[in-house]
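What follows is each chain in one-letter form.
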Amino acid sequence: MRKDFVPCAPGVIVLEERLGQDFQPTAEEIRQYGEYLGLTANEVRDSELQHVISDGLKAPLPGGWKACMNAEGKIFYFDFRSGRSYWEHPADADLVRRVEEKAVQKGMLIQPRKMRE
């Protein structure tokens, strides 16, 4: 078994977060995350929005949270304090707010998917 995985309930693996200060998301990771948030390809290409998205990818999980992988290989987030699990990263809502604020500053009219839900 790999050292960065901690076994949990049957079929579930707790993933250990390993983001160092040197971690820099790739352009492809930024594009994919921007599109996951509901931005268009043109919006994701904006350098200032890329910077905000990159910061979101580098954001650590809040205390008590861990990323987990179920038996089907899907990632979810578990709050060990409350015992609740979520499909969405707990920082997604804050990141969407920051992306929207940056877009407004630039005079862009965007509506990320996460804001429409």
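Attention here is on the structure that accompanies the text.

The rules behind these values
- Note that residues are indexed from 1 along each chain, following the sequence as it is written.
- This being a predicted model, a pLDDT of at least 70 is required before a residue's local features are given, and a value of 80 or more before pairs of side-chain atoms are given or counted; all residues contribute to the totals for chains, interfaces and linings.
- Side-chain measures here rest on the full set of heavy atoms in the structure, leaving out hydrogens and waters.
- Strands were regarded as paired on the criterion that DSSP finds at least two bridges between them.
- Labels follow the DSSP assignment, with helices taken as runs of H or I lasting at least four residues and strands as runs of E lasting at least two, numbered in each case from the N terminus.
- Given the number of residues in a helix, its expected span is that number minus one, multiplied by 1.5 Å.
- A simple rule labels every residue: compare its accessible area, found with a 1.4 Å probe on the protein chains alone, to the largest value its type can have, and call it buried under 20%, exposed over 50%, or partly exposed in between.
- Think of it as the arc spanned by the lines of direction from the helix axis to the C-beta atoms.
- Between N-to-C directions, angles span 0 to 180 degrees; the directions come from axes that are lines fitted to C-alpha atoms, helices contributing only their stretch in contact.
- Roughly parallel covers angles under 35 degrees, roughly antiparallel covers those over 145, roughly perpendicular covers 65 to 115, and oblique covers all other angles.
- For any helix crossing, the convention is left-handed if the near helix is rotated counterclockwise from the far helix by under a right angle, and right-handed if that rotation is clockwise.
- We call two residues in contact when some of their heavy atoms are within 4.5 Å.

**Let's talk about the pairing of strand 4 (residues 75–79)**
Right, so step 1: As judged from the five bridges shared by strand 3 (residues 65–69) and strand 4, these two strands associate in the antiparallel manner. Following the sheet pairing, Lys66 is matched in strand 4 by Phe78.
Right, so step 2: Counting the residues in the hairpin turn of strand 3 and strand 4 gives five residues, including Gly73, whose phi is positive at 85°.
Right, so step 3: Here three bridges tie strand 4 to strand 5 (residues 84–86), and the two strands are oriented antiparallel to one another.

**Describing helix 4 (residues 92–105)**
Right, so step 1: An ideal rise of 1.5 Å per residue puts 20 Å on 14 residues; helix 4 measures up with 20 Å between its terminal C-alpha atoms.
Right, so step 2: Buried within helix 4 we find Asp92, Leu95, Val96, Val99 and Ala103. Buried residues of helix 4, seen end-on, are gathered within an arc of 100° and therefore sit on one face of the element. Opposite the packed face of helix 4, turned more than 90 degrees from it, sit the exposed residues Ala93, Val104 and Gln105.

**A closer look at the packing of helix 3 (residues 47–58) against helix 4**
Right, so step 1: Contact geometry for helix 3 and helix 4: axes closest at 10 Å, N-to-C directions at 165°. Our classification of the angle between helix 3 and helix 4 gives roughly antiparallel. Helix 3 and helix 4 meet at a crossing whose hand is right-handed. Only Leu95, Arg98, Val99, Lys102 and Ala103 of helix 4 make contact with helix 3, whose side of the interface consists of Glu48, Leu49, Val52, Ile53, Asp55 and Gly56.

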